[in-house]
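Here's the letter readout for the chains.
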Amino acid sequence: MSQEANASTIFDKIKEGPPEKKDPVLEELECIINELQHNKDKKEENNKEEDKKEDKKIGIEFECGDCCKKVINGSKLFFIKHFAVLLPAHGDCLFLKIFSGGKLVDKQIMRAIIIPANRICAIEINPVQVDP
């Protein structure tokens, strides 16, 4: 089974189940993050390529057991039920660092990540990757 098929299966499982009221806090957070990500100060709408270049990247820090994980280079963040979905720009990838005991223990590259919203410690705009 391909990675794309696996991702589709995961999205389908998240969407399945009894219909739930959307969490207004998560909806508001999604709106705020996506608005912060885009440069809204430019009044020139006709130069969309320039605006695209100025999109800010999104990073998320989250807990997973005894580890702290940080994923960066996101371009689009949205919430489905109680999960945050972070996607990179088209043709790009996300970078994940895993820390345990305060030390970097692993690095990964991925196309998308789905994080339980209750595990998120921080959502960052334009985080810079710095290797320790």
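Residues numbered from 1 in each chain as written. Predicted model: local features only at pLDDT ≥ 70, side-chain atom pairs only at ≥ 80, totals over all residues. Heavy atoms only, no water.

Undergrad: Help me out: how do you make sense of the pairing of strand β3 (residues 76-80) in this one?
TA: Looking down a regular strand, the side chains alternate between one sheet face and the other. With five bridges connecting them, β3 and strand β4 (residues 83-87) associate as antiparallel partners. In the strand pairing of β4, Ile80 is matched with Phe83. Hairpin connection, β3 to β4: the antiparallel pair is bridged by two residues, and Lys81 has positive phi, about 50°. (Pairing = 2+ DSSP bridges. Helix = DSSP H or I, 4+ residues; strand = E, 2+ residues; numbered from the N terminus.)

Undergrad: Whenever I open this one, the sheet that holds strand β8 (residues 120-125) confuses me. Can you help?
TA: Hydrogen bonds between backbone groups are what pair the strands of a sheet, and the pairing can be parallel or antiparallel. Spatially, five strands are ordered β6-β5-β2-β1-β8 in an open sheet, and the strand pairing comes out antiparallel. Here the strands that pair on one side only, and so sit at the sheet edges, are β6 (103-110) and β8. The mean inter-strand angle of the sheet, taken between neighbouring strand axes irrespective of direction, is 15°. Across five bridges, the pairing between strand β1 (residues 58-64) and β8 is antiparallel. Following the sheet pairing, Gly59 is matched in β8 by Glu124. (Axes fitted to C-alpha atoms, helices over the stretch in contact; angles between N-to-C directions.)

Undergrad: Would you mind showing me how to read the pattern of salt bridges here?
TA: Side-chain pairs of opposite charge can arise where the charged atoms are in close proximity. One pass over the full model with this rule turns up two salt bridges. For Lys57, the salt bridge identified is with Asp92, shortest N-O distance 4.0 Å. Highlighted residues: Lys57 in the loop between α3 (48-53) and β1 and Asp92 in the loop between β4 and β5 (94-100), separated in sequence by 35 residues. We classify Lys57 as partly exposed; its relative accessible area is 25%. Residue Lys70 is joined to Glu124 by a salt bridge in which the shortest nitrogen-to-oxygen separation is 3.2 Å. In this pair, Lys70 is assigned in strand β2 (residues 67-74) and Glu124 in strand β8, connecting sequence segments 54 residues apart. Note on Lys70: relative accessible area 22%, which makes it partly exposed. Taking the relative accessible area as the measure of exposure, Glu124 reaches 18% and is therefore buried. (Salt bridge = Lys/Arg side-chain N within 4 Å of Asp/Glu carboxyl O. Buried < 20%, exposed > 50% of the residue type's maximum accessible area, 1.4 Å probe, protein only.)

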